[in-house]
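Reading the structure
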Amino acid sequence: MQNFHNILFVSHAIGDESGSLTQALSVARNNRAPVKVMVVCPELPEEFGEYRQVYTNALSERVRESVKNVLDSLKLGEDELEVDIEVDCGSTPAERVIHRVQRDDYDLVVKSVEGREQRAGFKAMDMELLRKCPCPVWLCRPVKHSPGDIRVAVAVDPDCREPNSYDLAIRLLRLAHSLADSCSDELQIISCWDYDVDAYLRRNFPIDVSDEELDRAVQAARSRHRSKLDVLINAANIGDALGIHHAIARPDRFIPLVIEEKKIDLLVMGTVGRTGIPGFIMGNTAENILQEISCSLLALKPRGYVSPVKVY
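A brief structural summary. Predicted model, so just to flag it, every value in this text is computed and none were measured. For every chain, the first residue of the written sequence is number 1, and numbering continues from 1 onward in sequence order. Residues qualify for local features only when their pLDDT is at least 70, as the model is predicted, and side-chain atom pairs are given and counted only at 80 or more; totals for whole chains, interfaces and linings, by contrast, use all residues. Remark: hydrogens and water are excluded; side-chain values derive from all non-hydrogen atoms of the structure.

Numbered from the N terminus, helices here are DSSP runs of H or I no shorter than four residues, and strands are runs of E no shorter than two. Check the secondary structure of the protein and you find nine helices and 10 strands. Throughout, exposure labels follow a simple rule: accessible area from a 1.4 Å probe, protein chains only, divided by the maximum for the residue type, with under 20% read as buried, over 50% as exposed, and the rest as partly exposed. Counting every position in the protein, which comprises 312 residues, the buried fraction comes to 46%. Should any heavy atoms of two residues lie within 4.5 Å, those residues are counted as being in contact. Summarising the internal contacts of the protein: among those between residues at least 6 apart in sequence, 79% fall at separations of at least 24.

For Lys75, which is not glycine, the phi dihedral falls at a positive 60°. Look at Lys75 and you get exposed, because its relative accessible area is 73%. In this structure, Asp105 takes a positive phi of about 60° despite not being glycine. In this structure, Asp105 sits in the loop between helix H3 (93-104) and strand S4 (108-112).

Let us now look at the nonpolar core. Grouped together as the largest cluster of nonpolar side chains are 52 residues, with contacts concentrated most on Ile189 and Val268. Take this core: its biggest share by element is nine residues, from helix H5 (residues 163-181). In this structure, Ile189 is in contact with Val154, Val156, Leu173, Leu229, Ile233, Ile238, Leu242, Gly243, Ile244 and His245, ignoring residues within four places of it in sequence. Put simply, a nonpolar core is a bunch of buried Ala, Val, Leu, Ile, Met, Phe, Trp, Tyr and Cys residues held in one set by side-chain atoms that sit within 4.5 Å of each other. Val101, Phe122, Met125 and Ala249 belong to the second largest nonpolar core, which has 41 residues in total.

Time to look at the packing of aromatic side chains. Each pair of aromatic rings taken from Phe, Tyr and Trp, with Trp reduced to its six-membered ring, is defined by centres within 6.5 Å and is described as stacked if the planes are under 30 degrees apart, edge-to-face if over 60, and tilted in the remaining cases. Applying the stated criterion across every chain, the model contains zero aromatic pairs. We count a charge as sitting over a ring when the NZ of a lysine or the CZ of an arginine lies within 6 Å of the ring centre and within 35 degrees of the ring normal. The ring of Tyr305 is capped by Lys301, whose NZ or CZ atom sits 5.6 Å from the centre of that ring.

Quick look at a nonpolar patch on the surface now. Patch membership is restricted to residues that have no salt bridge and whose relative accessible area is over 30%. Joining uses 9 Å for like charges and 5 Å for the nonpolar side chains Val, Leu, Ile, Met, Phe, Trp and Tyr. Method for areas: the Shrake-Rupley scheme with a 1.4 Å probe, in which residue coverage is limited to the protein chains shown. Salt bridge, as used here, is a side-chain nitrogen of Lys or Arg placed within 4 Å of a carboxyl oxygen of Asp or Glu. Taken together, the side chains of Phe48, Tyr51 and Val54 define a hydrophobic patch exposed on the protein surface, amounting to about 310 Å² of accessible area. Along the chain, Phe48 turns up in the loop between strand S2 (35-41) and helix H2 (52-73).

Among the secondary structure elements, His245 is positioned in strand S8 (residues 242-248). A 3.5 Å cut-off defines polar contacts: any pair of N or O atoms within that distance qualifies, except that in protein one atom must be a possible hydrogen donor and the other a possible acceptor, and neighbouring residues in sequence count only when both atoms are side-chain atoms. There is a polar contact of 2.6 Å between the side chain of His245 and the side chain of Gln188. Ignoring anything within four residues of it in the chain, the contact list for His245 reads Gln188, Ile189, Ile190, Ser191, Phe254, Val258 and Lys262.

The subject of this paragraph is the pairing of strand S9 (residues 266-270). For S9, a buried count of five out of five residues is recorded, marking the element as mostly surrounded by other parts of the structure. Side chains Leu266, Val268 and Gly270 of S9 all project onto a buried face; the interleaved residues Leu267 and Met269 project onto the opposite face, where all are buried too. Two strands pair if DSSP finds at least two bridges between them. Pairing geometry for strand S6 (residues 152-155) and S9, over four bridges, is parallel. Note on S9: the bridge partner recorded for Ala155 is Met269. As defined by bridge partners, S9 adjoins strand S10 (residues 296-300) across five bridges and the pair is classed as parallel. Within S10, the position partnered with Met269 by the bridge is Ala299.

Scanning all chains against the criterion turns up 17 salt bridges. For the salt bridge of Lys68 with Asp72, the shortest nitrogen-to-oxygen distance reads 3.3 Å. Here Asp72 and Lys68 lie together in helix H2, a separation of four residues that amounts to about one turn. When the shortest N-O distance is used, the salt bridge between Lys132 and Glu128 registers 3.5 Å. Here Glu128 and Lys132 lie together in helix H4 (residues 124-132), a separation of four residues that amounts to about one turn. Relative accessible area serves as the criterion here: at 21%, Glu128 is assigned to the partly exposed category.

With that settled, the discussion passes to the sheet that holds S9. For sheets, the rule is that strands pair by backbone hydrogen bonds, running either parallel or antiparallel. If you trace the 10 strands from one edge of the open sheet to the other, you get S3-S2-S1-S4-S5-S10-S9-S6-S7-S8, paired in mixed fashion. Taken across any chain shown, the strands that pair with only one partner, and hence form the sheet edges, are strand S3 (83-89) and S8. Put simply, the sheet's adjacent strands are angled 20° from each other on average, direction ignored. Against the sheet, helix H8 (residues 251-261) touches S6, strand S7 (187-193), S8 and S9, its axis set at about 160° to S7. Only the contacting stretch of a helix is used when fitting its axis, a line to C-alpha atoms as for every element, and angles between N-to-C directions run 0 to 180 degrees.

Here it is, written out as structure tokens:
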């Protein structure tokens, strides 16, 4: 499993962030990792300059109280987990977070999903972090189940044509399995692909091939894809407590459907990209999936990903 050694929790210090803070501090406890709470907020206009210190102190105190309440709920003393709070005022909050990740080498960013309703999809700041942040990003929505029944799913593509794709798939499976082990103990694995040839040949361009032959071709493609998935699962060495959802289907339709049917709380997913090309990380399929899911998301990028946000 990927261990997290340096965690950055992003707060706006407004609204109820206790759920996402609980998830961040729980991960920190399990990994014995320190947590930096970065409060991102707008800068006060110049005419209110005399209130800046009061403003930042109030934000810091509000977050400190939230941290204390969450530590109490986790039955942790304040000396058992290192939590530091810092207020960072200014514009372009996502870029400021990414600069902090680059500067201080954080290996996990955790924050609440943007928006008061926290419905399906992700808003501007969240999407910018998903596209450009070099480390894993955990975007939290309220958990639907009790701590012992939190449901974890992972979406993987077993058609790994490059070493980095294979490495990412293994990391996704191992991390998701470790998280499931600490929650509901059963990991849901989602894998699907679009078999366009069948639709073209059967419905749009009839040729002198029977439905039976087309059915056999589809079944053979399904078997090949499932065999690759089984090989990947075995290579990840994640045991038997698995629910596998495998189908010929469009990922941006099938993955949200499984999440809804299984009442998944957390989806672990990779964002597709070509290593070494700055900013080239998310394709249309991944973005479509993200706009349809209504659970928390833990997104990983391939090793070697280079953020388009320039280091200071």
